[in-house]
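# Residue-level structural notes
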Amino acid sequence: QVQFVESGGGLVQPGGSLRLSCAVPGFSLDYYAIGWFRQAPGKTREGVSCIGYSDGSTYYEDSVKGRFTISRDNAKNTVYLQMNNLIPEDTAVYYCAANLMRSTASQPMVVHEYDYWGQGTQVTVSS
């Protein structure tokens, strides 16, 4: 069972920044688009951002647009999510996964199109 591994979460004050990383050592990302999702307590998992394999395509959910930046380094089998100007509403467990159907970023981000879910990394934005 292939699983991505998320890291970089933590506790940060409003207005602060975090950089999340998603990687699976030894796993080639090949042609998969990669997505970041988040799930807050009592809420369903929702898409945050996704990035295409190599075409530069990206998608951001409206609430994070202009604050978050997704990027990937295929040579390192790693996808990043730079999170700036964090707000309490960003508090959630963040997951990454591969889109098994697409190689380009697409909207909407549908959970059932993704697989290889990681264990998640907790992001808490609080003073």
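Since we're looking at a predicted model, the values are computed, not measured.

## Describing the packing of aromatic side chains
Applying the stated criterion across every chain, the model contains 6 aromatic pairs. Ring centres of Phe 4 and Tyr 116 lie 6.3 Å apart, and the angle between their planes is 50 degrees; on these two criteria the pair is classed as tilted. In this pair, Phe 4 sits in the segment before strand S1 (5-7) while Tyr 116 sits in the loop between strand S10 (114-115) and strand S11 (121-125), placing the two residues 112 residues apart along the sequence. With respect to burial, Phe 4 and Tyr 116 carry one shared label: buried. Judged by centre distance (4.9 Å) and plane angle (65 degrees), the ring pair of Phe 37 and Trp 117 falls under edge-to-face. With Phe 37 in strand S4 (residues 33-39) and Trp 117 in the loop between S10 and S11, this pair connects stretches of sequence that are 80 residues apart. As far as the burial class goes, Phe 37 and Trp 117 line up, both buried. Sitting over the face of the ring of Tyr 95, Arg 45 holds its NZ or CZ atom 3.8 Å from the ring centroid. The ring centre of Trp 117 lies 4.8 Å from the NZ or CZ of Arg 45, which sits over that ring.

What counts, and at which threshold
- Residues numbered from 1 in each chain as written.
- Predicted model: local features only at pLDDT ≥ 70, side-chain atom pairs only at ≥ 80, totals over all residues.
- Heavy atoms only, no water.
- Phe/Tyr/Trp six-rings, centres within 6.5 Å; stacked < 30°, edge-to-face > 60°.
- Helix = DSSP H or I, 4+ residues; strand = E, 2+ residues; numbered from the N terminus.
- Buried < 20%, exposed > 50% of the residue type's maximum accessible area, 1.4 Å probe, protein only.
- Lys NZ or Arg CZ within 6 Å of the ring centre and 35° of its normal.

These values are about where atoms sit, not about what they do.
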